[in-house]
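Structural overview
What follows is the residue order along each chain.
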Amino acid sequence: MKIDIVSVFPEYFEVMNLSLMGKAQAKGLLEIKAHNLRDWTHDVHHSVDDTPVGGGAGMVMKPEVWSECLDELLGFSQPSAATDAVDTSDPGDSAAPDSSAPSGAPVLIFPNPSAPLFTQRDATELSHADHLLFGCGRYEGYDARIPDYYRAQGVDVREYSIGDYVLNGGEVAVSVMLEAITRLMPGFMGNPDSIVEESYTGEGALLEHRQYTKPAVWRGIAVPDVLLSGDHGKVDRFRRDEALARTAEIRPDLIAALDCKALDKADRKTLMALGWEVSAAHPRRLAD
Ligand SMILES: C[S@@+](CC[C@H](N)C(=O)[O-])C[C@H]1O[C@@H](n2cnc3c(N)ncnc32)[C@H](O)[C@@H]1O
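Residues numbered from 1 in each chain as written. Predicted model: local features only at pLDDT ≥ 70, side-chain atom pairs only at ≥ 80, totals over all residues. Heavy atoms only, no water.

**Here's the deal with the pattern of salt bridges**
It is possible for side chains of opposite charge to pair when their charged atoms get near one another. Stated precisely, the cut-off is as follows: Definition used for salt bridges: Asp or Glu carboxyl oxygen within 4 Å of a side-chain nitrogen of Lys or Arg. Any residue under 20% of the maximum accessible area for its type is buried, any over 50% is exposed, and the rest in between are partly exposed; the area is computed with a 1.4 Å probe on protein chains only. Runs of E in the DSSP output that reach at least two residues are strands. Runs of H or I that reach at least four are helices, and both are numbered from the N terminus.
One pass over the full model with this rule turns up 14 salt bridges. A salt bridge links Arg 158 to Asp 156, with the nearest nitrogen and oxygen atoms 2.7 Å apart. Of the two residues examined, Arg 158 and Asp 156, each falls in the buried class. A salt bridge links Glu 242 to Arg 210; the nearest nitrogen and oxygen atoms lie 3.8 Å apart. With a gap of 32 residues between them, Glu 242 in helix α7 (residues 232–250) and Arg 210 in the loop between α6 (170–182) and β8 (217–218) connect regions that are remote in the sequence. Note on Arg 210: relative accessible area 46%, which makes it partly exposed. Via salt bridges that share partners, Arg 237, Arg 240, Asp 241, Asp 264 and Asp 267 belong to a single interconnected network.

This is the structure we're talking about:
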């Protein structure tokens, strides 16, 4: 997978040479390049921002610098004055992102706190892409016409938030998304089984059960007996019940999204004991 990242702090991404990400690059599975947005500026101060139109605090990233950079990285020829004036107000359905992340075509991703939440489902989909291009925002963010323009040119443009909080810049958010995406690529993990049963993964996603290692008793705290029983059926059931109980407590929205038809008898029994009704299409908390 080819990954281009545009940032005013490209050095931040030196961390990508460490650990599994570094190994994946050495194996040729990933090719990561961080570019300095200021390389596409023409003024003596290499400025990438300007004051907000309409007033307000802070600065906004300028569209002209971003477009010179993105045109080059996307392999677009420089737009003529006529193309520059393209109406991006209503891209219409034809310009809607293709949710299947077409292989070969770059997917352009802007981290943005006021965008839909990035989830494991997005990570799974994007792990099949051939080329990802990330644009890191700074200051009050980037001019809103940038994603609109590239969408109107038929580029698959995504804007994602990594959580309900505001960071100083997109660099941390890009690292988070990249790690979630690349670890799902075939060949990335030394032990591919380790990503099969994880939190948020697959249909009927739950939070994972708790994990323990040896010793069986540590500082007076014992691991649950059943995990030492050697009875795989019982261990699987215990873990599944724990996953259901933890999810019901911490993320009831994930339980409410389950398909009741896909639950087995033991799952239903556990959920009913936890106060959920399981006879409709999706579980419903009885207290609601
Ligand atoms: C200080 S933030 C801009 C915040 C923006 N004015 C707002 O209130 O929504 C600067 C940049 O950091 C990145 N960023 C900050 N928080 C983020 C989050 N939760 N998820 C993704 N990106 C984030 C984005 O790239 C954003 O353009």
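**A closer look at the domain arrangement of the protein chain**
Note the cut-off: Each domain's extent is set by a domain assignment, obtained either automatically or from a database.
Domain boundaries in the protein chain define domain 1 (2–193) and domain 2 (217–285). Taken over C-alpha atoms, the centre of domain 1 sits 38 Å from the centre of domain 2.

**Concerning the packing of helix α2 (residues 63–74) against helix α5 (residues 145–152)**
The following threshold applies: Helix axes are fitted to C-alpha atoms over the stretch in contact, other axes to C-alpha atoms as well, and angles between N-to-C directions run from 0 to 180 degrees. Less than a right angle of anticlockwise turn of the near helix away from the far helix marks a crossing as left-handed, whereas a clockwise turn marks it as right-handed. Pairs of residues are marked as contacts when any of their non-hydrogen atoms sit within 4.5 Å. In the scheme used here, Gly and all other residues not listed as nonpolar or charged are polar, with Ala, Val, Leu, Ile, Met, Phe, Trp, Tyr, Cys and Pro taken as nonpolar and Asp, Glu, Lys and Arg as charged.
Running from N to C, α2 and α5 cross one another at 35 degrees; their axes reach a closest spacing of 10 Å. The crossing of α2 and α5 is right-handed. Two secondary-structure elements touch here, α2 through Pro 63, Trp 66, Ser 67, Leu 70, Asp 71 and Leu 74 and α5 through Arg 145, Ile 146 and Tyr 150. Residues that form the contact of α2 with α5 fall into these classes: six nonpolar, one polar and two charged.

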